[in-house]
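The lines below spell out each chain.
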Amino acid sequence: MLIKYINFYQKYLIFFSFIFILFLGLISVKDYGHSSDESAQRHAGFIELNYIGEKIAPNILSRYKDDRVYIDLYDKNYYEKFSGHLLNTFSAFLEVIFKIDDRRDVFILKHHIYFIIFFLSLISFYKICQIRFKKWYISILGVFIIFLSPRIFANSFYDPKDIPFLSILIFSIHFGLILFEKINLKNLFYFSLFNALVISGIRVYGIISPILILSSIILYSSITKENFKKNFLFVFYCLILTFVFSVIIKPSLWESPLTNFIGSFTYLKEFGKIWSIPNLFLGEIILSGDTPWFFSIFWIFITTPIFYSVLFLIGLTFYFINSLKNVKNIFLNKTFYYDSIFFSLLVIPIIGSIILRESSFNSWRHLYFIYPYFVIFCLIGFESVLNFLKKDNLKNFFYIFFLIILFFNLSWIFKNHPYQYSYFNIFAGKGNLKNKFDIDYHGLSYKQNLEFILNYDDREKISIVNNSINKPQLFKYSLNKKSRQRFIFNQNIAKPDYIITNYFLDDIRKYKKISSDVIENEYVLFNEIIVDGNTINSIYKKK
């Protein structure tokens, strides 16, 4: 049997799998442009760093701050204080300490930080799968499913919020399951720490981890009558320690911690009103608060490799079948609690997004954090199919088929590098999808097309106008300082040398600086970036 053969090389396969992932990631970091969120998140990091400096080391702060002025962290109009900025503040600190002057170098540093945290979370995810399945080959397949999911792969380098939240939530869930397996002070400490890191360091949504883990421990202890009083006390201590760590980690909680902690949840309720973002969805421009209830589910369905979705549905079906089969004894089985935690991590956020609509823009990126638990149900489906296939040759065929699927995804990632963020499966429809969906909403494709202009135009100064919602003062940092200086980024030039667009919301008239008639009559298509037949960025050159 194939598995018996590869079990002999288990340690080597696991080790070299993670080495491969790390190597592929580190050589890919420099290929991604500057995303539209990164500048604002960098600034938020400096606001927190400035506040920390004022409170802890004002003399040292004065040496580095010069004449820069930052908004007060507690300003009532500064809504970012409700978000966690641990990574932003940390990278701002590194930027100051290492005196990184060029903005492009700053973002390359941040991209390294994002990817390394994501890589470490894959190790943690492997261990979660080991707790659940206790089969190393299933666990390593789960790691590769996440890593070779095109949109997750791309976002792991430049996304300042969504993938870090996914990663640190994995750490929290991992240490939560360890605590569930063995309740002691050491495990309680680590779980509390990672709870705080995800809740205060990234997003308050992270509170879902201690709620699910601790309530499961209470329920399991009460039914099995195993150390209920002791475990109840440990749960209480965990909540206290989580709150203490959360206050320490998040400067906006240092003053009136309870009031401001509650304020973070109030902000969530108002998020959709504060940030009313337009979307191109199924060919129509729709504000985030007006999206249909199936918005996020539909996006997940059309941007996830189809075979994964099939396995997920199989896994979900067997989860319910097994639960109904063993109703009497199921609450005595820890695996049921683990699967129910994973199921809740999937369903609760989706229901929340349907009700609040606060994350209904830029595809489903605000829900990326649920993807690892989607993958766990894929693995449950994978294991269920193996159990169904009685003969070894059929099982071997299924293993090989699954590896072919992973290899196909890897080849797609190589072929379309670094545009994996534009992945759609066949259910997204036919034709050029730029007219149906937002694709390059982060403005990452500008890097490659701006470099294309520089390679073919040797003029010292080149005027260029962007014809979409993305701001040139943001995407220009995809280039180094010398390259940036060759461009004249001025949106008020009537007839620039070049017009560039990634088509993001370009149908909204106020964002389209130069009309289609002018482009058609006075410009010629110079270059375009096409992925699977979808145009994600175009340059037009003056005739």
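Note that residues are indexed from 1 along each chain, following the sequence as it is written. For this predicted model, a pLDDT threshold of at least 70 governs which residues receive local features, and a threshold of 80 or more governs which side-chain atom pairs are given and counted, while totals over whole chains, interfaces and linings are taken from all residues. To obtain the side-chain values, all non-hydrogen atoms of the structure were included, while hydrogens and water were left out.

**Q** Tell me what's going on with the overall build of the protein, and back it up with residues and numbers.
**A** By the criteria applied, helices consist of DSSP H or I runs no shorter than four residues and strands consist of E runs no shorter than two, each listed in order from the N terminus. From N to C terminus, the protein includes 22 helices and seven strands. The globule rule used here is 2.2 Å times the number of residues to the 0.38 power, and the radius of gyration it is set against is calculated over C-alpha atoms. Over its C-alpha atoms the protein spans a radius of gyration of 25 Å, differing by no more than 12% from the 24 Å that the globule rule assigns to 543 residues. In this analysis, two residues are considered to be in contact whenever any of their non-hydrogen atoms come within 4.5 Å of each other. Relative to all contacts within the protein whose residues are 6 or more apart in sequence, the contacts with residues 24 or more apart total 77%. Accessibility throughout is a Shrake-Rupley quantity obtained with a 1.4 Å probe, and a residue counts as covered only by protein chains that appear here. By element, 63% of the accessible surface of the protein is carried by carbon and sulfur atoms, the whole surface being about 24,700 Å². Positive and negative charge centroids in the protein, built from 58 and 40 side chains respectively, lie 8 Å apart. Residues scored as charged are limited to Lys and Arg (positive) and Asp and Glu (negative), so that His and the chain ends carry no count. By convention, the charge on Lys lies at NZ, on Arg at CZ, on Asp at CG and on Glu at CD.

**Q** Can you break down the pairing of strand β6 (residues 523-531) residue by residue, with the values?
**A** At least two DSSP bridges between two strands are needed for those strands to be called paired. As paired elements, β6 and strand β7 (residues 534-542) share eight bridges and run antiparallel to each other. Its bridge partner being in β7, valine 524 is matched across the sheet by lysine 541. Counting the residues that bridge the hairpin from β6 to β7 gives two residues, and of these aspartate 532 lies at a positive phi of roughly 50 degrees.

**Q** Now, about the side chain of asparagine 470: what can you tell me, with residues and values included?
**A** Relative to the helices and strands, asparagine 470 is located in the loop between β3 (462-466) and α20 (472-475). A polar contact of 2.8 Å, which involves the side chain of asparagine 470, links it to the side chain of asparagine 502. Apart from residues lying up to four places away in sequence, asparagine 470 is in contact with Ser36, Asp440, Tyr441, His442, Gly443, Tyr446, Phe475, Asn502 and Phe504. Any pair of nitrogen or oxygen atoms within 3.5 Å is treated as a polar contact; in protein, a donor-acceptor pairing is required on top of that, and neighbouring residues in sequence qualify only through side-chain atoms on both sides.

**Q** Tell me what's going on with the side chain of arginine 151, and back it up with residues and numbers.
**A** With respect to the helices and strands, arginine 151 occurs in helix α8 (residues 150-158). Here arginine 151 is buried and forms no salt bridge, its nearest opposite-charge partner aspartate 440 lying at an N-O distance of 9.3 Å. Within the local environment of arginine 151, its side chain forms a polar contact with the backbone oxygen of tyrosine 421, the two atoms lying 3.4 Å apart. Once residues within four sequence positions are removed from consideration, arginine 151 is found in contact with Trp299, Thr303, Ser363, Tyr368, Gln420, Tyr421, Ser422, Tyr423, Phe424 and Tyr441. With a 1.4 Å probe rolled over the protein chains alone, any residue whose accessible area is under 20% of its type maximum counts as buried; one over 50% counts as exposed, and the rest are partly exposed. Any Lys or Arg side-chain nitrogen located within 4 Å of an Asp or Glu carboxyl oxygen qualifies as a salt bridge.

**Q** Go over the pattern of salt bridges, please, and point to the residues and values.
**A** Under the counting rule described, the total for this entry stands at 13 salt bridges. Its salt-bridge partner being aspartate 37, residue arginine 365 comes within 3.2 Å of it at the nearest N-O pair. Taken together, the residues span a long stretch of sequence, with arginine 365 in the loop between α16 (334-356) and α17 (371-388) and aspartate 37 in the loop between α2 (10-28) and α3 (38-56) at a distance of 328 residues. Residue class for aspartate 37 comes out partly exposed when judged on its relative accessible area of 23%. Among the charged side chains, a network of salt bridges with common partners joins Asp37, Asp162, Arg203 and Arg365.

**Q** Now, about helix α9 (residues 162-181): what can you tell me, with residues and values included?
**A** The terminal C-alpha atoms of α9 lie 29 Å apart, and with 20 residues this matches the ideal 28 Å at 1.5 Å per residue to within 8%. For α9, the buried fraction is high: 18 of the 20 residues fall into the buried class. Expected helix span is computed as 1.5 Å times (number of residues minus one).

**Q** If you had to explain the pairing of β3 to someone new, which residues and values would you point to?
**A** Taking burial as the measure, the five residues of β3 include five buried ones, the bulk of the element. Here three bridges tie β3 to strand β5 (residues 498-501), and the two strands are oriented parallel to one another. The residue bridging asparagine 466 from the neighbouring strand is isoleucine 500, located in β5.

**Q** Describe the packing of helix α5 (residues 86-97) against helix α6 (residues 103-133), listing the residues and the values that go with them.
**A** Only C-alpha atoms enter the line fits that serve as axes; for helices the fit covers just the stretch in contact. Angles between N-to-C directions range over 0 to 180 degrees. Between α5 and α6, the shortest axis-to-axis distance is 10 Å and the interhelical angle comes to 135 degrees. In terms of orientation, α5 lies oblique with respect to α6. Helix-helix and strand crossings are classified by hand; for α5 and α6 the assignment is right-handed. Across the interface between the two elements, Leu87, Asn88, Phe90, Ser91, Leu94 and Glu95 of α5 pack against Val106, Leu109, Lys110, Ile113, Tyr114 and Ile117 of α6. Of the residues contributing to the contact of α5 with α6, the split by class is eight nonpolar, two polar and two charged. For classification purposes, angles smaller than 35 degrees are called roughly parallel, those larger than 145 roughly antiparallel, those between 65 and 115 roughly perpendicular, and all remaining angles oblique. Take the far helix as your reference; a near helix turned counterclockwise from it by less than a right angle gives a left-handed crossing, and one turned clockwise gives a right-handed crossing. Amino acids outside the nonpolar list (Ala, Val, Leu, Ile, Met, Phe, Trp, Tyr, Cys, Pro) and the charged list (Asp, Glu, Lys, Arg) are all regarded as polar, and Gly is one of them.

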